[in-house]
Amino acid sequence: MFSKILIANRGEIAVRIIRACRELGIRTVAVYSEADADALHTELADEAICIGPARASDSYLNVQQILSAAIVTKAEAIHPGFGFLSENSRFASMCEECNIVFIGPKSETIDAMGNKINARKLMREANVPVIPGSIGAVEDVDEALKIADEIGYPVMLKAAAGGGGKGIRKVQTKDELPHHFSSAQREAQAAFGDGSMYIEKIIYPALHIEVQILGDNMGHIIHLGERDCSLQRNNQKVMEESPSVVISDEKRQELGMIGVRAGEAVGYRNAGTIEFLMDEAGDFYFMEMNTRIQVEHPITEMVTGVDIVEKQLQIASGEVLDLKQEDITFSGHAIECRINAENPALNFAPSPGKIENLLLPAGGMGIRVESAMYSGYTIPPYYDSMIAKVIVYGKNRFEALMKMQRALSEIVTDGIQTNVEFQLDLISHPKVIAGDYNTAFLQEEFLPNWQPED
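Residues numbered from 1 in each chain as written. Predicted model: local features only at pLDDT ≥ 70, side-chain atom pairs only at ≥ 80, totals over all residues. Heavy atoms only, no water.

Undergrad: Whenever I open this one, a negative patch on the surface confuses me. Can you help?
TA: Together, E96, E97, E108 and D111 make up a negatively charged patch on the protein surface. Along the polypeptide, D111 turns up in helix 5 (residues 107-114). (Patch = residues over 30% accessible without salt bridge, like charges linked within 9 Å, V, L, I, M, F, W, Y side chains within 5 Å. Areas by Shrake-Rupley, 256 points an atom, 1.4 Å probe, with all protein chains shown as cover. Salt bridge = Lys/Arg side-chain N within 4 Å of Asp/Glu carboxyl O. Lys, Arg positive; Asp, Glu negative; His and termini not counted. Charge placed at Lys NZ, Arg CZ, Asp CG, Glu CD. Helix = DSSP H or I, 4+ residues; strand = E, 2+ residues; numbered from the N terminus.)

So, in structure tokens, the structure goes:
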């Protein structure tokens, strides 16, 4: 096992990783921007090094500064968390060149699955069902129009190097396609330095289901079940739960093994997630693979009892995965709500600022809060607005829902606006309680009828 690692991230995920390291007796190095000098992860780590100004491009995305910090502090490995450099194959490769372990998959795996066009090709070859669409990159509008006519409207235009909802356009009709193709391509080029586009048939409404996998350096791969991430706004997940309420045990086993097959196709190592869409007929289609730990990983931990971050560290250190598929059991139900510093009443405008008073839910069993907030902390305006994750576990889904309602109602964050009220109303909606929702529900049914309190 490692004696010291560097965490190339900030916020709640940095805190989560530091805590896991402490429990394993691993010393930690935090890196931080000038805006994060007072951040919680800098206080919890054994060492902390400033790596640049507030802008992420000058700090948390500054590969040379992060590697220099690792070398100076003699860190043996780097955990990238999620976001920032977590799926940057160049960073993973440079870690390898510096004899620093990248806690994640191999750089070539990130490359293979990071390009969505290539990923679709690999999955086809592995007999993993893929959404109907283009086989390779769509070169121009004329080719896009031809493919769209073949698979039928509506279609989705997507950036090959995409992520975070960028470079994506929904196209309902033939007349809309030229404009959307050009704008998505420009956005992709600006965001990722790669304007390559592909086109898929829209499976909508659908369920967004993802499978968590773990793989070690010996080729052993297992799955830890699925998560339902269908409650989304602007292609961004809002609430997740595990297990899915609509998947039978037989279908769950089938989907899990498809996830394992996908991982085996690319020789996957460490923690990864295979994302699928499930149509109204109950058929699954591969959408993409995330070659990193997910924001919503805690709900899988709650229903399986497996500490995914701990397994990441063990696998990266060269240990053989100490779990077989038959060792994985599923119990109860878990739900996660993402808490953001934003004002839903003002079109979810970011709400940075100083937290004058903070109260987080506690008491009872099965409530877990992951956050880097504390009273007096000033949330900077430079980064993602997520400030906490509330995770609950119940013996069944109804118990988990009631526990989440109770947990959300206790949160106090005086000084900033958050989406807590929005989340509480969402989790209390009759259709969410009944499990009768899909990827269209939040955007098309819930939001148009939601009224914030005065």
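Undergrad: What is the right way to read the side chain of Q314 from this model?
TA: With respect to the helices and strands, Q314 occurs in helix 11 (residues 308-316). Q314 sits in the buried class, given a relative accessible area of 13%. Excluding residues within four positions of it along the chain, Q314 makes contact with M1, E319 and D322. (Buried < 20%, exposed > 50% of the residue type's maximum accessible area, 1.4 Å probe, protein only. Contact = heavy atoms within 4.5 Å.)

Undergrad: In this structure, what is going on with helix 8 (residues 177-192)? I would like to understand it.
TA: Two residues of an α-helix separated by three or four positions point the same way, owing to the 3.6 residues in each turn. Compared with an ideal rise of 1.5 Å per residue, which puts 16 residues at 22 Å, helix 8 spans 22 Å between its outermost C-alpha atoms and is within 8% of the ideal. Of all the residues in helix 8, the buried ones are L177, F181, S183, A184 and A188. (Expected span 1.5 Å × (residues − 1).)

Undergrad: Please clarify how the state of the cysteines should be interpreted in this entry.
TA: A covalent bond between the sulfur atoms of two cysteines is referred to as a disulfide. Within this structure, the stated rule accounts for zero disulfides. Not part of a disulfide, C50 finds its nearest cysteine sulfur in C95, a span of 19 Å. With a relative accessible area of 35%, C50 lands in the partly exposed category. The thiol of C337 is not disulfide-bonded; the next cysteine sulfur, from C229, is found 12 Å away. (Disulfide = S-S within 2.5 Å.)

Undergrad: How should the environment of P243 be read in this particular structure?
TA: With respect to the helices and strands, the residue P243 is situated in the loop between strand 11 (236-242) and helix 9 (249-265). Taking relative accessible area as the criterion, P243 reaches 23% and is therefore assigned partly exposed. With sequence-adjacent residues up to four places away left out, P243 is seen in contact with E226, R252, G332 and H333.

Undergrad: Help me out: how do you make sense of the packing of aromatic side chains in this one?
TA: Between two aromatic rings, the relevant description is the distance of the centres plus the angle of the planes. Scanning the model with the defined rule gives ten aromatic pairs in all. The interplanar angle of 85° and the centroid separation of 6.0 Å between the aromatic rings of F91 and F102 together place this pair among those described as edge-to-face. Of the two residues, F91 sits in helix 4 (residues 89-97) while F102 sits in strand 5 (residues 101-102), which places them eleven residues apart along the sequence. Judged by centre distance (6.0 Å) and plane angle (65°), the rings of Y382 and Y383 are edge-to-face. Classification of Y382 as partly exposed rests on a relative accessible area of 47%. Members of the aromatic cluster, joined through ring pairs, are F348, F422, F441, F446 and W450. Directly above the ring of Y204 sits K170, whose terminal nitrogen or CZ lies 4.0 Å from the centroid. (Phe/Tyr/Trp six-rings, centres within 6.5 Å; stacked < 30°, edge-to-face > 60°. Lys NZ or Arg CZ within 6 Å of the ring centre and 35° of its normal.)

Undergrad: Looking at this structure, I do not really get the pattern of salt bridges. What am I missing?
TA: Under the defined criterion, the tally for this structure stands at 32 salt bridges. The salt bridge partner of E370 is R16, with a shortest N-O separation of 3.5 Å. A residue pair is termed long-range when its members are at least 10 positions apart, and E370 in strand 19 (residues 367-371) and R16 in helix 1 (residues 11-23) qualify at 354 residues. In this structure E370 comes out as buried when scored by relative accessible area, which is 7%.

Undergrad: What is the right way to look at the sheet that holds strand 14 (residues 333-340) in this model?
TA: Hydrogen bonds along the backbone pair up the strands of a sheet, which may run parallel or antiparallel. Here we have eight strands laid out as an open sheet, ordered 13-12-9-10-11-14-21-19, and antiparallel in their pairing. Each end of this open sheet is capped by a strand with a single partner; those strands are strand 13 (284-290) and strand 19. On average, each strand axis in the sheet is inclined to that of its neighbour by 25°, with strand direction left out of account. Along the sheet face, helix 9 touches strand 9 (207-215), strand 10 (221-233), strand 12 (270-278) and strand 13 and points at about 105° away from the line of strand 10. (Pairing = 2+ DSSP bridges. Axes fitted to C-alpha atoms, helices over the stretch in contact; angles between N-to-C directions.)

Undergrad: Could you clarify how one ought to interpret the sheet that holds strand 5 in this entry?
TA: Sheet architecture is open: five strands sit in the order 3-2-1-4-5, paired in parallel fashion. If you trace the sheet from one side to the other, it starts and ends with strand 3 (47-52) and strand 5, each paired once. Both strand 1 (residues 4-7) and strand 2 (residues 27-33) contribute to a ladder of four bridges, which runs parallel. Within the sheet, the bridge partner assigned to L6 lies in strand 2 and is V29. In the packing of helix 3 (residues 63-73) onto the sheet, the strands contacted are strand 1, strand 2, strand 3 and strand 4 (77-79), and the crossing angle to strand 3 comes to about 150°.

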